[in-house]
Structures are given as C-alpha cells and as structure tokens.
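Here are the chains, one letter per residue:
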Amino acid sequence: MTQSSLTLQISKLSCGSCVARAENALRAVEGVNEVVVNLASESAVVGFDSPATPARVTEALAAAGYPAIAEQVTLDISGMTCGSCAARVEKALSAAPAVTDVSVNLASETALVKFLAGATTPQAVAKASTDAGYPAHVHDLSAPKVDHKAAEMAALRRHLMIAAVLTAPVFVVEMGGHFIPGVHEFINRTIGMQTSWVLQFVLVTLVLIWPGRFFFTQGLPALFKGAPDMNALVAIGTGAAWAFSTVATFFPAVLPAGTRAVYFEAAAVIITLILLGRFLEARAKGKTGAAIRRLVGLQPKTAFQMQDGAAVEVPIADIVVGDILRVRPGERIAVDGVVIEGSSFVDESMITGEPIPVEKGSNDRVTGGTVNGTGVFTFRVTQVGADTMLAHVIRMVEDAQGAKLPIQDLVNRVTLWFVPVVLVLAVLTVIGWLIFGPDPALSFALVAGVSVLIVACPCAMGLATPTSIMVGTGRAAELGVLFRKGDALQALRSAQIVAFDKTGTLTRGRPEVTSVFLNAGFDEAEVMGGVASVEALSEHPIAEAIVRMAQEKGYRIAAASDFRAEAGFGVTAMVDGQTVMVGADRMMERAGIAIEAFADQFAQIAAQGQTPFYAAIDGALVGLIGISDPIKPETPAAIKKLQEMGLKVALITGDNTKTANAIAAELGIDTVIAEVLPDGKVAALRDLAKDGAKIAFVGDGINDAPALAAADVGIAIGTGTDVAIESADVVLMSGDINGVSNAFEISRHTMRNIRENLFWAFAYNSALIPVAAGGLYIFGGPLLSPMLAAGAMALSSVFVLSNALRLRRVAPVAKGAVS
C-alpha cells in the first residue's frame, strides 16, 4: 500500500509541550505512522495509510486544541451546463488532497473551496476540476474584469442564428405538410422525397457538427467516463434521431418494413431550441450578477494625487498608502483614507444603503467608491487594492453568492444520479415500445426514447438554488445588508428570537454622565477628578464619558498608577496616594463596601434607564454616578417592525436589572437578561434557546464576538469593531438596526423563491418524463414530440431564472436602507 504524506500549518503551538501533545494526537489516529511537528514553522508533516485520511488527521488536531489552518480559494469553472455537472465538479474537488469543504455554484460558474494551508495549493485544487473535464482557474479579484457573460452570449447568439438558418428549411419541408395542405405533394412532384431527405441530411449534419458540436464534444467524453451530463442526453437523443434518419435515407433495406421515416427535423429543432434556452439562460445569469458588477464599477480608474502642492491625475494602480489625494465636487472617492483638510457631504449609499449624504471633516474616514458632494477636501490614503472596504464588500458578496445552503445538498445528490437514471428510463422506454408498441414500433420507440432524454435534462434543478442566492444576496448588498456566509440566508429564515446587545447597538454607543450623587462632605470636582483620573487609562465607552465630563467642567485629571480593570466589574488605580475604585454594585459588594446609603438614588436613576456606577476612595463609598447612553432614534420603530414580523425580541446586557428593565419597557422588548458579564452572553443565548428556538444575535463590540459566533445567526453592526464583523454571519453596513428587519425580509423572500424554483424543477421532470415516455398515448392521447420536449426543457430553465430575478425587486421593510 502506498503511503500518503500531508504537510499542515498548525495554529496555537506555543511551546514544546504543545508540540508533544500535537504529535501524540496525530499518532493516535489509526493509520498514521510518521509524525514530525515543527514549533518554529508551526507545521506538521504526517505520513499515513488507510484508514487514516486528511479529514481524520485534522479532526484529531482540532480535538487536541491545535487546529490546522485552512485557506479558501474561489475558482472560475467553465463547461458546467446542468446540475449534474455541478455535482461532478463538487465530487472531483472534494476528492482532491487536503480539501475540506466545497461549494459549487452553477449560476455564477464558480466554486468556493476550503483547503488545508501548506498541504496543497490553489492551482493544484483547480487542476482537480480540470482533470474531471471542467477547466478551472483561480479567481483573481484584482485582475481586470472581463465580461465573460457578454462573450458567452455573443457566441450563443451566433450559434443560435446559424442553427436557426440551417434548421428553418428542414422544419418547413418536413413539418409544413402538417400545417399547409399540399406541401408534401409539391415536394414529390418537384425534387422528390428522396432528394428532400438528402438535403435535410446535409443541413442537419451541418447543424450537429457546427453550432451543435459542443453537445457532442462535451457530452460523449462525459458519457464514456461513466459520468453522463445534460450534454450527453442531448448528444444521444439528437444523435439517435440523426442516425436513424440517415439509415432510412441511404440504407432503407436495413430497417424493418413499415418503419422507414426520417426525424432530421427533430434533431435540428432540438439543437436550435436548446441553444435558444441557453442563450436566454446566459442573459438571465448575467443579470443575477448585476450587484457584483455594479460594485466593481464603483472604483474610479484615476485619482488626483497631491505632488508639490499641485493635484496630478494618476492611475489608481499607482496610488499607495500614505499618498495625499484631492477630491473635487461630484467625484467618486478612489480609495479608503482619512480627511486631513476640507469638508464635504459624501453619498455612502453604495456601502450603507443610506440615501442621506454623511458630513465628512478633519479626521473622518472616507471610503473608496463613495461619491463626494459639493465640497472639496484632501485625504491621506490608508487602504488600497484588495484592502479597501469596497474590495472587502465585493469579497463578502462573492463568498455569499457562491455559498451552498443545506437545502442544496439534497439537490446535488439527486442531480448526480438523475442523468444515469434518465438514460436507464430512456432505454426501458425504447424496449417497452419495441415489445408492446403498435406498428411501426421502432419509430414510436425512437420518438419516445429521444423525448425522454431531452425533456429530463436537469438544468432547472441545478439552477434553482444558486440563482436565487445570487440575486437575493446581491439585492441585500444594495440594501446595506451583507451576508458574509451564504448559509445565513437559510438559518435566518428559521430564527424565532432576535437578541440585541445594548451599547452601540440599540443605543448611540456614546454614553454621557447624567447624574452625580455624593456623600456629605465630598466635593464634586475632587471626586469626579479622581474618578476621571482612573478612567483616563480605560478604553471603555463609559470611561470616555466620565473623562469627557471632567474635561468639559475643568476638573483636574491627575496621573494614575497601578491601574487594574476587571471586565464586568470596574476599575481601580492609585491617584494622589489614594486608592480609587469605580464600578458596578457587584464590585463594591465583593470589596465589602456598603452601598445602601444610595438606595433611593439608585432606584431613581435605574428607573430612568441610566446605568449606575459607584465610586469609592480608600475603601469608603463616596458617590453614585448615573450614565445614560441615548437610544438611537430609529431603535423603537426597528424593534416594533421585528415584532410585527412575528419575531420575539430579547435584550442581553451587562446593565443592572432595573436599568435594563426600564430600557426594555421603553422599547417594548419581550425578554431581558441583565447583569451579564462579557463571557456570559453565550450562556445567555443558550438559555434563550433552551426550548429549541433559533436565535439571531445583534451586536457591535469586541465583547460581542463570542455571542455572534455562537448564535444560529450572528448579525454585526458595520460601524462596530472588526472583530465583531469577522465573527458575524451578516453585516449591516450602516449603524441603523432597521437593517435587521431587511435581512429577515431578504431571507424569507429568497428561501420562498428557492422552494418555488425547486418545486417547479422537480414537478416539471416528474410530470413530463411519463408523458415523454408515452403515458398519454396509452389512454388515447398524443405522443410527445422531441421538439416539444426540447422547448419545454428550455422553458423550465428560463422560468427558474426569471423567477429568481424577481428578488431584485424586493422592497425594504424599514426605511433604514433603501436602494
């Protein structure tokens, strides 16, 4: 047995004992016979035989606490024409060494592949698809965009026109007699039927080897590999009709008596109709990616760079971090940066979905792709190329559009086996007609067999889910809602409870000191100056509010030492030789400091929705500070909208229970979980979900990241921290929580659209395969013509695509994001 070798990049290796534990975990995997873990390079080389696999090796590392590092690549794949093609590409990529997850999108003709870093390369992963017959290339976001759909539509239009011109005479000559009396008699009197058949042979052969050759060059190799696809069905069906007709034309003696007939027109019309369907599909597919193309088109090609005091126009590729750029009225901002001079109002709707321009001045951040108003300003470049917000948004949208929803797994399993089953059904249909059919049985068998092959092409099945995902996530991006993970579309549809963090999510995130109560004999300037001296060393928004209040009132802020901060409790430091402690009631209680003296004041400010903080100096309570974080103006309406949608709303906060209940009462929130420490939000989510409810959590801070990752769907406020955004499944690009209801609306519309598409696709095949096989003929009805089968097959795909495109018209349910 040949031994396999795997090289992995491992995370969380920090010492020799880590290396030993990682090696022991790997050696414990049955089949692993060689392990070398290198601490310096944080890598492992593993030699293994069956039954060990890369998946089992990585599972063992993850269980030991040293997960292998995974990377992700997007591949552009050509040659996929139906659901079975997509399923085979997914199977080939999944079998590639070190690949851990694959999602193939037929609509965008891409694959999103996750693989183990160091164990393989993107190029090697792409080769797995190419070797399976579907050429793949690594997608390059920074490369100049080529409109492949336009080129594809041009080629299909050309082939369609050629096929139509060659097919028209055949169709008129052969089928004209069914519509215009005397056509067949006229042909017999002039050129004769035999000559007519020869001319049809020439024209139809040209159709098959010219515009129709793709079906044979793609379908027959797939058939011979034992992996037939839609092209194989078309090739077999049209090839059979052409072959039978050719024999009937040139070697009639070979056929049984009474079976001589030609079906040249069926072969030609099938090719023409399927090319028409593909052309319409390509045009519709082009529209599904419109959101991405609009985003890509937002970046200007040039910008005005400041050189020796003058603005010089330079290509965008020449701009680097640190450059100073000038933006004139009405211009589109080239890259991300920070304003250093001037001011203006900037239209950021392409990022946030908000139509109202935002004022920008000194030290404000500006985003590439947004549009300047009437002012003039200069800014220092902070991000270029793939690091800009626009590039980040494009990547997130592309990743979401390429995602595979759980519902797609069933579709993939069905389509993978569907074509082979159709081939078997076609063979059984032919055999059945030959045995039980009336004369001429061979002709009936051919017509029914070809009809089954053509009508059963699983194009609509393969397009049903990915097209809806592409259009739905694209429309969401236009509304300022980014689905970072496509499966959040399905998960969000099932959510029953929306849990909100408070600070920065429901509130402005800029607290203010609104009340100060002091024990007798203490001066506010002295106490608040000391408190501010401690809080000046903290980065918490509450600390910023206290320091800001002290600065505005001119209180002395001294240098503090021995600073200690405890998340969820408070802060302590030495100021002017005294120990100053500022924090929540639980901090005072733990330190043994009585707080009953301020019980009435505590109740008063808590009832007003203010957050109480106590101050103590050298172990003695000196004051109570009330801090209020104003609720965002849009919050009440956003909460009400979610409840109107049938969702329960919960508040999870570190505030004391009285304050939290006051805020919840003001907003009409259903459930409150208060006094939660930062590491307790995950446990709070578990409590909410104890009855099996699906939870969506909305937050914006670093301390929200664990909850965002643990929730069924994590929704991050785009104005929050990068850590929160990276932990979330959905990102609201503006700080407006109306985007939450818009995210739910997109999810519901998209999942309903997918179910409609799948119902149509499966119902279509279920209903028409028996009809094509001759089910109606048995009861005195007609036998389905292969030409009608081809038309019906093409229309089914067009219907699915057209239905998906309706998602482009989904209207926002709340005014926070409008297109």
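Residue numbers restart at each chain and count upward from 1, following the sequence in its written direction. Given that the model is predicted, a residue must reach a pLDDT of at least 70 before its local features are reported, and side-chain atom pairs must reach 80 or more before they are shown or counted; all residues, however, enter totals for whole chains, interfaces and linings. Processing note: side-chain calculations cover all non-hydrogen atoms of the structure and skip hydrogens and water entirely.

## Some remarks on the pairing of strand S9 (residues 310-315)
No. 1: Any two strands are treated as partners once DSSP identifies two or more bridges connecting them. Only DSSP runs of H or I reaching four residues or more are called helices, and only runs of E reaching two or more are called strands; each is numbered from the N terminus. Two strands pair when backbone bridges link them, and strand S8 (residues 302-307) and S9 are joined in this way by 6 bridges, in the antiparallel orientation. Each residue of the ladder has a partner; that of Met306, found in S9, is Ala311.
No. 2: Remark: 2 residues form the turn of the hairpin made by S8 and S9, two consecutive strands paired antiparallel; Asp308 in that turn has positive phi of roughly 55 degrees.

## Quick look at the sheet that holds strand S25 (residues 671-673)
No. 1: As summarised here, the arrangement of the 7 strands in space is S16-S28-S27-S26-S17-S24-S25, forming an open sheet in which the pairing is mixed. Among the strands making up the open sheet, the edge pair consists of strand S16 (481-483) and S25. Across this sheet, the average inter-strand angle for adjacent strands is 20 degrees, counted without regard to direction.
No. 2: As defined by bridge partners, strand S27 (residues 713-717) adjoins strand S28 (residues 730-732) across 3 bridges and the pair is classed as parallel. Directly across from Ala716, in S28, lies its bridge partner Val731.
No. 3: What makes two residues a contact is simply this: any of their non-hydrogen atoms within 4.5 Å. Interaxial angle, 0 to 180 degrees, is taken between N-to-C directions of lines fitted to C-alpha atoms, where a helix line uses only the stretch in contact. Set on the sheet, helix H27 (residues 738-772) makes contact with S16, strand S17 (497-501), strand S26 (695-699), S27 and S28; between it and S16 the angle comes to about 50 degrees.

## A closer look at the packing of helix H3 (residues 83-94) against helix H4 (residues 122-131)
When two helices pack together, their arrangement is given by the angle between the helix axes and by the axis-to-axis distance.
No. 1: At a minimum axis distance of 8 Å, the contact between H3 and H4 shows a crossing angle of 135 degrees. When the axes of H3 and H4 are compared, the pair comes out oblique. Both H3 and H4 take part in a crossing whose hand is right-handed. Contacts between H3 and H4 involve Val89, Ala92 and Leu93 on the former and, on the latter, Val125, Ala128 and Ser129. For classification, angles of less than 35 degrees are called roughly parallel, those exceeding 145 degrees roughly antiparallel, those between 65 and 115 degrees roughly perpendicular, and all remaining angles oblique. Crossing handedness follows the turn of the near helix against the far one: under a right angle anticlockwise gives a left-handed crossing, and clockwise gives a right-handed one.

## Some thoughts on the nonpolar core
No. 1: With 128 residues, the main nonpolar core has Leu75, Leu93, Phe483, Phe500, Val740 and Phe744 as its most contacted residues.
No. 2: For this core, the leading source of residues is H27, giving 12 residues.
No. 3: In this structure Phe744 touches Leu492, Ala495, Val498, Leu642, Met645, Leu647 and Ala696, once residues within four positions along its chain are discounted.
No. 4: To define a nonpolar core, start from buried Ala, Val, Leu, Ile, Met, Phe, Trp, Tyr and Cys residues and group those joined through side-chain atoms within 4.5 Å. Relative accessible area decides the class of each residue, using a 1.4 Å probe on protein chains only: under 20% of the type maximum gives buried, over 50% gives exposed, and in between gives partly exposed. One finds Val513, Ala532, Phe613 and Ile617 within the second-largest nonpolar core, a separate group that totals 24 residues.

## Here we look at the packing of aromatic side chains
No. 1: Centres within 6.5 Å make a pair out of two Phe, Tyr or Trp rings, where for Trp the six-membered ring is used; the pair is then stacked when the planes are under 30 degrees apart, edge-to-face when over 60, and tilted otherwise. Applying the stated rule across the entire model yields 8 aromatic pairs.
No. 2: Considering the side-chain rings of Phe201 and Trp242, the 5.9 Å spacing of their centres and the 25 degrees angle between planes classify their relative orientation as stacked. Taken together, the residues Phe201 in helix H7 (residues 193-209) and Trp242 in helix H9 (residues 230-250) connect sequence positions 41 residues apart.
No. 3: Judged by its relative accessible area of 26%, Trp242 falls in the partly exposed class.
No. 4: Considering the side-chain rings of Phe201 and Phe264, the 6.2 Å spacing of their centres and the 65 degrees angle between planes classify their relative orientation as edge-to-face. Of the two residues, Phe201 is situated in helix H7 and Phe264 in helix H10 (residues 264-288); the sequence distance between them amounts to 63 residues.
No. 5: Given a relative accessible area of 0%, Phe264 falls into the buried group.
No. 6: These aromatic residues form a ring-pair network of at least three members: Phe201, Trp242, Phe250 and Phe264.
No. 7: Here Arg586 stacks its cationic end above the ring of Phe569, 5.8 Å away from the centre of that ring. When the NZ atom of lysine or the CZ atom of arginine is within 6 Å of a ring's centre and also within 35 degrees of its normal, the charge is said to sit over that ring.

## Here's the deal with the UniProt feature "transmembrane region" (unreviewed entry) in the chain
No. 1: UniProt positions are given in the numbering used here, feature names are shortened, and annotations may be inferred rather than shown by experiment. As recorded in UniProt, the feature "transmembrane region" (unreviewed entry) lies at residues 159-179, 191-211, 232-255, 261-280, 414-436, 442-465, 758-780 and 786-805.
No. 2: Annotated as residues 261-280, this span is 85% helix and 0% strand, and its ends, taken at the C-alpha atoms, are 33 Å apart.

## Observations concerning helix H15 (residues 441-455)
No. 1: Helix length check: H15 (15 residues) gives 21 Å between terminal C-alpha atoms against 21 Å at 1.5 Å per residue, within 8%.
No. 2: With respect to burial, H15 is a largely interior element, 14 of its 15 residues being buried. For a helix, the expected span equals 1.5 Å multiplied by the number of residues minus one.

## A few points about the environment of Ala126
No. 1: For Ala126, the location among the structural elements is in helix H4.
No. 2: The class for Ala126 is buried, based on a relative accessible area of 4%.
No. 3: Considered as a pair, Ala126 and Val73 are 53 residues apart in the sequence and their alpha carbons are 9.3 Å apart.

## A look at the sheet that holds strand S6 (residues 110-116)
No. 1: Spatially, S5-S6-S4-S7 is the arrangement adopted by the 4 strands of the open sheet, whose pairing is antiparallel. This sheet does not close on itself; its edge strands, each paired only once, are strand S5 (99-105) and strand S7 (136-138). Adjacent strand axes in the sheet meet at a mean angle of 25 degrees, parallel and antiparallel pairs treated alike.
No. 2: Pairing geometry for S5 and S6, over 6 bridges, is antiparallel. Each residue of the ladder has a partner; that of Val104, found in S6, is Ala111.
No. 3: Contacts from H3 reach strand S4 (70-77), S5 and S6 within the one sheet, and its direction differs from that of S5 by about 165 degrees.

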